[in-house]
Amino acid sequence: QAKSHGRNSSRFFDPCMQAAAEHQAMLELAMREGLLARQFVLFCQPQFDTRGRLVGAEVLVRWYRSNGEILSPDEFIGLAESSGLIVPLGQYVLEEACHALARWQDDHSLRELELAVNVSVRQLRSANFTEKVADILLETGARASKLCLELTESVFAENVAETVERMDELCGHGVQFSLDDFGTGYSSLSYLKRFPLTALKIDRAFVHDVHVNPDAVPIVKAIIALARSLKLEIVAEGVEHEAQRNFLIDSGCNTLQGYLLGKPMPISEFEQMYSSGCVGHA
Ligand code: C2E
Ligand code: MG
Ligand code: MG
Ligand code: MG
């Protein structure tokens, strides 16, 4: 009796689990408030072609909490997904990103850049997503062809036919898609060719030791060969060392992104750093 009491009581009341649940609930509430208070800030990380020319950027969101903490997406995107807040948060990020694209059109150095925005599967499948994207493009004046939506391999998990249909609608508006973090998820290779993609992003986990670990080389080469046979561009993320960069260029990557070339920075800083003149701020 004593034994069953001691061991099973945790099924009914676990102070640790309760504390965690309370923490999540508080964070969710803070996120709701943070959205209204515009505490979410868009950062931008530059992307370069193999000759070192700036060709685009990826938007990465940060949360500047009222308590002074700055949270990275890994600390709140999961909760945003499970609570559904990813839909309004993602909408906000898309709006701000398209405002940036529209501003860039007036700048000689920025006007041809593509801007990549991470979109969660839940957001992609949310009601009227295509119409919302079309509205944002119309309202901001951003060119659809410069907007690239990054999806992860979780799009392969279920409802493939519906997802492809929605992506086709968006492609109809001129938006592009890339597959993020390739190789870390559950890509079914047979599905890969059904999705209207223009690029594959090799996850930084594979880039990480490619210059020092011979075992990492065949995987990266295989991903690149696969992408090429599907006529997809290849973007490498997490490039931190010259040797990685050289290897990736020699292996046929088209676009490079990583701390070696540029860290994520607030959009205003990105504009100052890379614009030819003054970018008008809305
Ligand atoms: P991701 O899309 O794969 O973004 C790349 C991550 O790698 C970013 O982390 C970036 O800061 C980091 N990174 C870039 N270069 C290097 C490098 O050279 N070395 C290392 N070690 N890391 C590098 P971050 O900003 O923490 O974002 C993490 C993830 O959060 C992103 O991964 C993306 O999946 C998600 N995320 C970010 N912003 C959004 C958003 O607006 N919406 C959604 N749904 N997800 C987002
Ligand atoms: Mg990404
Ligand atoms: Mg990525
Ligand atoms: Mg990644």
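The structure this text deals with has already been given above.
My aim in this report is to walk through the structure given alongside it, one point at a time.

So, how was this worked out
- Residues numbered from 1 in each chain as written.
- Chains lettered and ligands numbered in written order.
- Predicted model: local features only at pLDDT ≥ 70, side-chain atom pairs only at ≥ 80, totals over all residues.
- Heavy atoms only, no water.
- Helix = DSSP H or I, 4+ residues; strand = E, 2+ residues; numbered from the N terminus.
- Rg over C-alpha atoms; globule rule 2.2 N^0.38 Å.
- Buried < 20%, exposed > 50% of the residue type's maximum accessible area, 1.4 Å probe, protein only.
- Contact = heavy atoms within 4.5 Å.
- Areas by Shrake-Rupley, 256 points an atom, 1.4 Å probe, with all protein chains shown as cover.
- Disulfide = S-S within 2.5 Å.
- Donors = N, O, S within 2.8 Å, 3.2 Å for Na, K, Ca; no water.

1. Quick word on the overall build of the protein chain
Stage number 1. Check the secondary structure of the protein chain and you find twelve helices and ten strands.
Stage number 2. What you see for the protein chain is a C-alpha radius of gyration of 21 Å, in line with the 19 Å of a compact globule of 282 residues.
Stage number 3. By principal-axis analysis of the C-alpha atoms, the protein chain measures approximately 75 × 50 × 40 Å.
Stage number 4. The buried share of the protein chain, taken over its 282 residues, is 45%.
Stage number 5. In the protein chain, the share of contacts with a sequence separation of at least 24, taken over all contacts with a separation of at least 6, comes to 68%.
Stage number 6. Surface summary for the protein chain: the accessible area is close to 14,500 Å², and the carbon and sulfur share equals 51%.

2. Quick notes on unusual backbone geometry
In terms of backbone geometry, most residues other than glycine have negative phi values and most peptide bonds are trans.
Stage number 1. Even without a glycine there, the phi angle at Asn159 is positive, about 50°.
Stage number 2. Locating Asn159 in the fold gives a position in the loop between strand S5 (147-151) and helix H7 (160-172).
Stage number 3. Unlike most non-glycine residues, Asp181 shows phi in positive territory, near 55°.
Stage number 4. Tracing the backbone through its elements, the reader meets Asp181 in strand S6 (residues 176-182).

3. Concerning the state of the cysteines
Stage number 1. Summed over the entire model, instances satisfying the criterion amount to zero disulfides.
Stage number 2. Among the cysteines around Cys148, which has no disulfide bond, Cys171 carries the closest sulfur, lying 9.7 Å off.
Stage number 3. On the basis of relative accessible area, Cys148 is assigned to the buried category, the value being 8%.
Stage number 4. This cysteine, Cys253, is not joined by any disulfide, and Cys148 carries the nearest cysteine sulfur, 16 Å off.

4. Examining the coordination of the magnesium ion (ligand 4)
Stage number 1. Protein ligation of the magnesium ion (ligand 4) involves Asp181 (OD), Asp203 (OD) and Glu237 (OE), the donor distances falling in the range 2.1 to 2.7 Å.
Stage number 2. All donors of the magnesium ion (ligand 4) belong to a single chain; written as a sequence motif, their spacing is D-x21-D-x33-E.
Stage number 3. Separation of the magnesium ion (ligand 4) from the magnesium ion (ligand 3) amounts to 3.1 Å, with Asp181 serving as a shared donor to the pair. Of this pair, Asp181 sits in strand S6 while Asp203 sits in the loop between strand S7 (199-202) and helix H9 (204-207); the two residues are 22 residues apart in sequence, bridging distant segments of the chain.

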